[in-house]
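# Close look at the chain arrangement
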Amino acid sequence: MNIIIYLGILIISIFSIQLAKKYLGKLGLTITFIVMSTVSFLLAFKYITLSTININSNSITYVTMFTTLYMLLESTNKKEVKEIINLNFIINIFTAMMLYIMTYYTQSLTDTISINMKNVFSSNYQILIVYPLTTLLSNYLLIRVHEKIKKLYDNHFITTVTTYLLIGIIEGIIYTLLVYNQILNTKTIILVILSTYMVRLILTVIYSLFLTLLSKKKVKS
Amino acid sequence: MNSTILLVLELVLCLITQTFLYKHYKTAGLYSYIIICLILTSLMSLKTITLYNFDVNLGIIPFITVFTSSNIIIQKNGPDAIKQLILTISVTSIISYAILYLVQLQEPSNINLFTSASYDNIFVDSLRMYFANFVTTLYSLLLNAKLYYYLKKMKNNILISNLFSTIIIHFLASILFGLIAYVFIKDPIDIIKIIMIRYLVSLIVGLIGTIPIYITKKVTE
């Protein structure tokens, strides 16, 4: 069941990129990037089991966010992409603050959701701080690494997959260590980092093949 | 903490973010702000708080500031820009909610199980509330765009346009939300109370929203 839903989410994500690019061009890609980043933020709180491996539920949306960033790098200049990354960071900080404030309200007598919100957003406050920072860091690293690799091999597939090979592991280690250092034991942390990295790498390969097909069409500006 | 203080804090945060994003990122900033506010509204409105002995859904502050952002866009770009905005927020809202809901259906892993189970509990009965928010947002934004522009054409005064559109549109929006979200769940008297407090908060926040419209008037596109 989990795998079928996972494939469903993958199809929705690919469809959303194509829709955004076709009808809104650069603005559409910017919006997709920010929406996927925010959805990833909310999904970062849940872990799921895929077959026998445990991964973060935001893997697809996180890779979708990177894919839109690659597409923005292909269609606009580096300065504009950096501005979009900064915009995303501000939006993430805003989201984190709103979610944290939300948990402080005293619920009404009929409310049954509040306790769950406290368990998710207040008990895991580390994610509210670490996610915006690691996303900002990985996005900036992505620009630098992508640019350098593109100079060596001007091929979409090789550039995106090689960039993720480096960015993914750095982001995974920093994020998981900062969030789960006090909560999980070292063996589980290593397993989580590797499994999430592996699944995201497979997703990056799928997206890169899709991106190579899409890149033949010029982005509307 | 006192709910009124937290609501004021939320309002200040929303207005500052909105003005900052428009000042630095123009239309793309406002689009991002509106979309993120709607994602937050659909999540936050699942929680209810008691405000002066009345039950009220959270998420009302980001929901109303969406109208302020929409008025800034109309003020600068005219009513046609709202059609594109409504289309964009419809698609992004459906996609983001679909992903969040589908993840809730997936089996949680044993890692951080308590948080993952709490995440599932938040979204398990969220469909009706999401639908109420979605319909209310689209219907009211469309009406608001027509009314605000009509008032702007009649008398080019930001305060008058915002005042009258707030009084009329939020009255309709509160009724629509109250009916869709709570009919057959709560007593008619309780629904009327929810509509009344929602309208009162909307009026106050909507009128304070005149300030960012004035501030952003000086910003050139």
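Everything that follows concerns the structure shown earlier in this document.
These numbers come from a predicted model, not from an experiment.

## Section: unusual backbone geometry
Trans is the prevailing form of peptide bonds, just as negative phi is the prevailing case for residues other than glycine. Residues and elements named next belong to chain B. Positioned with a positive phi, Tyr52 is a non-glycine residue whose angle comes to about 50 degrees. Tracing the sequence through the fold places Tyr52 in the loop between β1 (48-51) and β2 (54-57). A residue is classified by how much of its surface remains accessible, and Tyr52, at 60% relative accessible area, is exposed. Positive phi is not limited to glycine here, since Asn112 has a value of about 50 degrees. Its location among the elements puts Asn112 in the loop between α3 (80-105) and α4 (113-123).

## A short note on the interface of chain B and chain A
Every contact between the two is made by 61 residues of chain B and, on the other side, 59 residues of chain A. The junction of chain B with chain A conceals about 5,500 Å² of combined surface from both sides, 75% of it contributed by carbon and sulfur atoms. Per-residue buried area on chain B facing chain A is highest for B:Lys47, B:Gln106 and B:Ile111; these three make up 13% of the total on that side. At the junction of chain B with chain A, the criterion picks out 1 salt bridge. Across the pair B:Asp120 and A:Lys46 runs a salt bridge, and its minimum N-O distance is 2.6 Å. Here chain B and chain A share 19 residue pairs in polar contact (both at pLDDT 80 or more) between them. Among the secondary structure elements, those contributing two or more residues to the side of chain B that touches chain A are α1 (3-44), β1, α3 and α4 of chain B. For the side of chain B that touches chain A, a count of residues per class yields 36 nonpolar, 19 polar and 6 charged.

## Considering the packing of aromatic side chains
In total, this model carries 15 aromatic pairs over all chains according to the counting rule given. Ring centres 5.7 Å apart and planes at 75 degrees place the aromatic pair A:Tyr47 and A:Tyr180 in the edge-to-face group. With a gap of 133 residues between them, A:Tyr47 in strand β1 (residues 47-50) and A:Tyr180 in helix α6 (residues 156-180) connect regions that are remote in the sequence. Judged by its relative accessible area of 2%, A:Tyr47 is buried. On the basis of an interplanar angle of 75 degrees and a centroid distance of 5.3 Å, the ring pair of B:Phe63 and B:Phe67 is categorised as edge-to-face. In this pair, B:Phe63 and B:Phe67 are both assigned in helix α2 (residues 60-77), 4 residues apart and thus about one turn of the helix distant. Here B:Phe63 falls in the buried class, since its relative accessible area comes to 2%. Pairwise contacts between aromatic rings join A:Phe41, A:Tyr62, A:Phe66, A:Tyr131, A:Tyr164 and A:Tyr197 into one cluster.

What counts and what doesn't
- Residues numbered from 1 in each chain as written.
- Chains lettered and ligands numbered in written order.
- Predicted model: local features only at pLDDT ≥ 70, side-chain atom pairs only at ≥ 80, totals over all residues.
- Heavy atoms only, no water.
- Helix = DSSP H or I, 4+ residues; strand = E, 2+ residues; numbered from the N terminus.
- Buried < 20%, exposed > 50% of the residue type's maximum accessible area, 1.4 Å probe, protein only.
- Contact = heavy atoms within 4.5 Å.
- Buried area = accessible area lost by both parts, 1.4 Å probe.
- Salt bridge = Lys/Arg side-chain N within 4 Å of Asp/Glu carboxyl O.
- Polar contact = N/O pair within 3.5 Å; in protein donor to acceptor, adjacent residues only side chain to side chain.
- Nonpolar A, V, L, I, M, F, W, Y, C, P; charged D, E, K, R; others polar.
- Phe/Tyr/Trp six-rings, centres within 6.5 Å; stacked < 30°, edge-to-face > 60°.

These results come straight from atomic positions and should not be treated as a statement about function.
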